Every structure is written in structure tokens, then in C-alpha cells.
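Here's the letter readout for the chains.
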Amino acid sequence: MQTAMHKAKKDMERAAVAAGCWDPKEIQNSAKNWDKTAIARLVAVNYKYGFPKDESDWDVWVEAFPRKKKSDLLKMANKMKASGALYDLALLEALSPEETKIYMGS
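Small disclaimer: the values here were computed from a predicted structure and weren't measured.

## Quick notes on the nonpolar core
So, step 1. Ranked by internal contacts, the top residues of the largest apolar core, which has 20 residues, are Trp 34, Leu 42, Trp 61, Phe 65 and Leu 73.
So, step 2. Elements with a minimum of two residues in this core: α3 (36–49), α4 (58–64) and α5 (70–83).
So, step 3. The greatest single-element share of this core, amounting to six residues, is contributed by α3.
So, step 4. Not counting residues within four places of it along the chain, the set of residues in contact with Leu 73 comprises Trp 34, Leu 42, Trp 58, Trp 61, Val 62 and Phe 65.

Below, the structure written as C-alpha cells:
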């Protein structure tokens, strides 16, 4: 059973790569570009502005991450929301005091 599922997964991955709609290296590289400070900034932006409910709410989030694509930001935010890490205020320790003041106040 496990072998058949693994084979089916690999076949689907190959078909998606061949169709040009999935690039495993891009996915792997986009996850690597999130350092502790960027993750802490995500938590801070969520704390200050809340999780975006519609397209216009994403503007504030995108401004906080000028070098990130909106799609990467959305993926990481949803991943952190699902795991609960988006609400972990202990992660804010990675921010500088100046950045903490910007997002969290005095």
C-alpha cells in the first residue's frame, strides 16, 4: 500500500513539473529564505494588523516584506497560522528593539 501511494505521488509530481505548474526547487528555496527575523516580523504584523481578510488587507503585509513575493508571504503566513506559530509572541525576541517599537508600540 505504501509503495503504491509513493509511486502515485511521484507520478503526480512528475506530471506537475512537466506541465510547468510545480517546481520543487523553488518551493525548497522559498522556505529557506525565511530567517528568524522575518518570521518574527510576520508575527508582529499579524499582532498589529490581524490576519488579512481580503485583498486590500494584504497591502500592509506586503509593505513589511518588500523583497518577498506576495505568494511566498501568503504561503508562509498560512503555514504559520495552521501550526499556531503566527500567534507565538515568544518569536518576537528575534526583532530589534526599534522594529519591536514599530509593530508593538512602546
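There is more to say after this.
## Re α3
So, step 1. The end-to-end C-alpha separation of α3 is 20 Å, in line with the 20 Å expected for 14 residues at 1.5 Å each.
So, step 2. Next to the buried residues of α3 lie α4, α5 and α6 (97–104).
So, step 3. The positive-phi residue at the C-terminal boundary of α3 is Gly 50, with phi of around 80°.

## Brief notes about the confidence of the model for the protein
So, step 1. Chain-level pLDDT for the protein is 84 on average; 88% of the residues reach the 70-or-more range.
So, step 2. Ranking the elements of the protein by mean pLDDT puts helix α2 (residues 24–32) last, at 60, and α3 first, at 92.

## Looking at the pattern of salt bridges
So, step 1. Summed over all chains, the structure comprises six salt bridges.
So, step 2. Close ionic contact of Lys 10 with Glu 13 constitutes a salt bridge, the shortest N to O distance being 3.4 Å. Of this pair, Lys 10 and Glu 13 both sit in helix α1 (residues 2–19), separated by three residues, roughly a single helical turn.
So, step 3. Residue classification places Glu 13 among the buried positions, given a relative accessible area of 19%.
So, step 4. Residues Arg 41 and Glu 99 are paired through a salt bridge, measuring 2.5 Å at the closest nitrogen-oxygen approach. Here Arg 41, found in helix α3, pairs with Glu 99, found in helix α6; they are 58 residues apart in sequence, far enough to count as distant. Across this residue pair, the class does not change: Arg 41 and Glu 99 are buried.
So, step 5. Bridged by salt links that share partners, the residues Lys 7, Asp 11 and Arg 14 form one connected network.

## Some details on the packing of aromatic side chains
So, step 1. Under the criterion given, the structure shown has four aromatic pairs.
So, step 2. Taken together, a centroid distance of 5.9 Å and an interplanar angle of 75° make the contact between Phe 51 and Trp 58 edge-to-face.
So, step 3. Judged by its relative accessible area of 18%, Phe 51 falls in the buried class.
So, step 4. Ring centres of Phe 51 and Trp 61 lie 5.8 Å apart, and the angle between their planes is 75°; on these two criteria the pair is classed as edge-to-face.

## Some words on the side chain of Lys 68
So, step 1. Here Lys 68 is to be found in the loop between α4 and α5.
So, step 2. Asp 35 provides the closest opposite charge to the buried, salt-bridge-free Lys 68, at an N-O distance of 6.5 Å.
So, step 3. Excluding residues that lie within four positions of it along the chain, Lys 68 makes contacts with Asn 33 and Trp 34.

Scoring rules and cut-offs
- Every chain is numbered independently, its residues counted from 1 as its sequence is written.
- With pLDDT at 70 or above as the cut-off, local features in this predicted model cover only qualifying residues; side-chain atom pairs require 80 or more to be listed or tallied, and sums for whole chains, interfaces and linings still use all residues.
- Calculated side-chain values reflect all of the structure's heavy atoms, with hydrogen atoms and water omitted.
- Here, nonpolar core refers to any group of buried Ala, Val, Leu, Ile, Met, Phe, Trp, Tyr and Cys residues whose side-chain atoms link them within 4.5 Å.
- Three labels apply to residues, based on accessible area from a 1.4 Å probe with only protein chains included: buried if under 20% of the type maximum, exposed if over 50%, partly exposed otherwise in between.
- Runs of E in the DSSP output that reach at least two residues are strands. Runs of H or I that reach at least four are helices, and both are numbered from the N terminus.
- Any two residues whose heavy atoms approach within 4.5 Å are treated as being in contact.
- The span one expects for a helix is its residue count, reduced by one, times 1.5 Å.
- Residue-level confidence of the predictor, termed pLDDT, takes values from 0 up to 100.
- A pair is scored as a salt bridge if a Lys or Arg side-chain nitrogen falls within 4 Å of a carboxyl oxygen belonging to Asp or Glu.
- Each Phe, Tyr or Trp ring (for Trp, its six-membered ring) is paired with any other whose centre lies within 6.5 Å, and the angle between the two planes then decides the class: stacked below 30 degrees, edge-to-face above 60, tilted in between.
- Two residue types count as positive, namely Lys and Arg, and two as negative, namely Asp and Glu; His and chain ends fall outside the count.

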